[in-house]
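Listed below are the residues making up each chain.
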Amino acid sequence: MSSRTISATDAARNFADVVNRVRYRGEEFVIEKGGEAVARLSPIGVPRAAGTVGDLMRLVEALGGDSGFADQLDEIIARDNQILGPETPWER
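Residues numbered from 1 in each chain as written. Predicted model: local features only at pLDDT ≥ 70, side-chain atom pairs only at ≥ 80, totals over all residues. Heavy atoms only, no water.

When you look at the nonpolar core in this model, what are you seeing that I'm missing?
Soluble globular proteins: nonpolar side chains tend toward being buried together. Among the nonpolar cores identified, the biggest contains six residues, and these are I6, A11, V18, V22, F29 and I31. Contributions of two or more residues to this core are made by α2 (15-25) and β2 (28-33). With sequence-adjacent residues up to four places away left out, V22 is seen in contact with E27, F29, L41, S42 and P43. (Core = buried A, V, L, I, M, F, W, Y, C linked by side-chain atoms within 4.5 Å. Buried < 20%, exposed > 50% of the residue type's maximum accessible area, 1.4 Å probe, protein only. Helix = DSSP H or I, 4+ residues; strand = E, 2+ residues; numbered from the N terminus. Contact = heavy atoms within 4.5 Å.)

Now the structure itself:
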């Protein structure tokens, strides 16, 4: 995994964005203070896949997937009222 180096000032100014990039994209940041690396911010576990059902459908179409696959996904979602994608704090 490659790390991106950012200053402590940039990390502080953009903390929410940096944490979201770590969580959802699996990115890693090395934080520098005065030109010296002082901390690393990295994911604890395996990065979670982020995306929507629409993203999945476009991917299947781009890969030349079975046209019936989209219909099956629609049936599953309608039946189970499922939403694919990152969990929001309100759904926890």
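Help me understand the pairing of β2, please; the structure alone is not making it clear to me.
Looking down a regular strand, the side chains alternate between one sheet face and the other. Bridge count for strand β1 (residues 3-7) against β2 is five bridges, and the pairing is parallel. Its bridge partner being in β2, R4 is matched across the sheet by F29. Both β2 and strand β3 (residues 36-41) contribute to a ladder of five bridges, which runs antiparallel. Considered in β3, the bridge of E32 is made with A37. Counting the residues in the hairpin turn of β2 and β3 gives two residues, including G34, whose phi is positive at 60°. (Pairing = 2+ DSSP bridges.)

Everything listed is a geometric property; what it means functionally is a separate question.
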